[in-house]
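Examination of the molecular architecture
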Amino acid sequence: MRKVSSPTGRYHKVHGFASYVGVALALLAASAHAQSPTDFFRGKTVSLLIGFGPGGEDDLWARTVARHLMTHLPGNPNVVPVHTPGSGGLLVANRLYNTATKDGTVLGMINRGIVFEPLLGGQGTQFDALKLNYIGSPGRDTTVCAARKDAAVQSLQDLYSKELSVGGTGSGADTAIYPAFLAALLGMKLKLVKGYQGSHEIQLAMERNEVQGICLGYDSLSRGNLARTGGINVLLQAALTPDPRVKDAPMVIDAARSAEDRKVLELFFARAAMGRPFVAPPGVPAERLATLRAAFDAALADPAFLEDARKQNLNVVPVSAREMTEVVSKAYSTPPEVVKRTVRALGRGS
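Residues numbered from 1 in each chain as written. Predicted model: local features only at pLDDT ≥ 70, side-chain atom pairs only at ≥ 80, totals over all residues. Heavy atoms only, no water.

1. Points about helix H13 (residues 336–345)
Along H13, the positions that sit buried rather than exposed are Val-338, Val-339, Thr-342, Val-343 and Ala-345. Within H13, the buried residues cover an arc of 160° as seen down the axis, which keeps them to one side. Turned more than 90 degrees away from the buried face of H13 sit Pro-336, Glu-337 and Lys-340, all of them exposed. In the stretch just after H13, Gly-347 is the one whose phi turns positive, near 75°. (Buried < 20%, exposed > 50% of the residue type's maximum accessible area, 1.4 Å probe, protein only. Helix = DSSP H or I, 4+ residues; strand = E, 2+ residues; numbered from the N terminus. Arc of directions from axis to C-beta.)

The structure is reproduced here in structure tokens:
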């Protein structure tokens, strides 16, 4: 007699095999997550996406950090800088959030203001800043506005009664966004002349007296010929905390005309506390993320890194991952009415 197999029996066999496969895959995944950081990073390449073109100060920072980070990551992987310019790092932030591998082998360096763009009505943002993983920053710069010593404007108070032409690059760059913002919110007579390729070109234009001023990070400003020869006055500091290197320059936040204006300035200037952000995608395993942060901190404390930075005139003022995360979280907790006023001052809202 021919033996007839039971449909129920076939179901149990198939179901049992599927369960076995599922358990096996789960064990493999658990094994991958349980892999030690040394085993994971050994032989790997960590890509550092730089949101700027080659040759600038941000590029210099990124390459310097990359050289020393690889010696502090367990397994000593290669850390390879990859130029990915586009809107001061917006392209990098979007890529990290949406398409980059989320295993710790892709990092990015972006402009300090990029993480606030989704909050402040920036165009083209495709990421949630609260879900990005912050690694840290090697430096913290203070934006200042400065004028030629022979300009009509020689103080912060002069900016309310006398016009100062300032050079600017693209709409989202500090050289353009700071003077436009201060003019709109506080009524300062900063006349923006855009179209320059970079801050170096603006400083050359100041030497030719095409423009009389600039708003720029002090690190970059101090590298210019006018600054080195004592040919400029720093008019103001656009930051939340004073920079001892320009201690005689007044804090523009103290020029706020109301408590509401001060809150707007606090939100906009929060970017200064981010320094030069190194970030990782969301979803990186917690242990691996902790390893990246610890390696980053160790690299910045390494005497070899500090000496390398000193030779290149890079001002090392580390910002921790915890500090950066807190700054972003606080900014995104800002009351809606303050956010709206900030957006309007940036010329992005009605």
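2. Quick look at the state of the cysteines
In the structure shown here, the tally under the stated rule is one disulfide. Each sulfur of the disulfide joining Cys-145 and Cys-215 lies 2.1 Å from the other. One disulfide, between Cys-145 and Cys-215, carries an S-S torsion of 100° and so falls in the right-handed class. Here the residue Cys-145 occupies a position in strand S5 (residues 143–148), and Cys-215 occupies one in strand S8 (residues 213–217), the gap between them amounting to 70 residues. Neither Cys-145 nor Cys-215 differs from the other in exposure class; each is buried. (Disulfide = S-S within 2.5 Å.)

3. Here we look at the environment of Val-92
Checked against the element boundaries, Val-92 lands in helix H4 (residues 90–98). Along the chain, Val-92 and Leu-48 lie 44 residues apart, while their C-alpha atoms are 9.9 Å from each other. If we ignore the near neighbours within four places in the chain, the residues touching Val-92 are Leu-49, Ile-50, Gly-51, Thr-84, Gly-108, Met-109 and Ile-110. (Contact = heavy atoms within 4.5 Å.)

4. Some points on the environment of Asp-103
Checked against the element boundaries, Asp-103 lands in the loop between H4 and strand S3 (106–109). Look past the residues within four positions of Asp-103 in its chain and what remains in contact with it is Phe-40, Val-284, Pro-285 and Arg-288. A polar side-chain atom of Asp-103 sits 2.6 Å from a polar atom in the side chain of Thr-105. (Polar contact = N/O pair within 3.5 Å; in protein donor to acceptor, adjacent residues only side chain to side chain.)

5. Some details on the environment of Ala-255
Structurally, the position occupied by Ala-255 is in the loop between strand S9 (232–238) and helix H9 (259–269). Of the residues examined, Ala-255 reaches a relative accessible area of 18% and is grouped as buried. For the pair Ala-255 and Leu-156, spaced 99 residues apart in the sequence, the C-alpha separation amounts to 9.0 Å.

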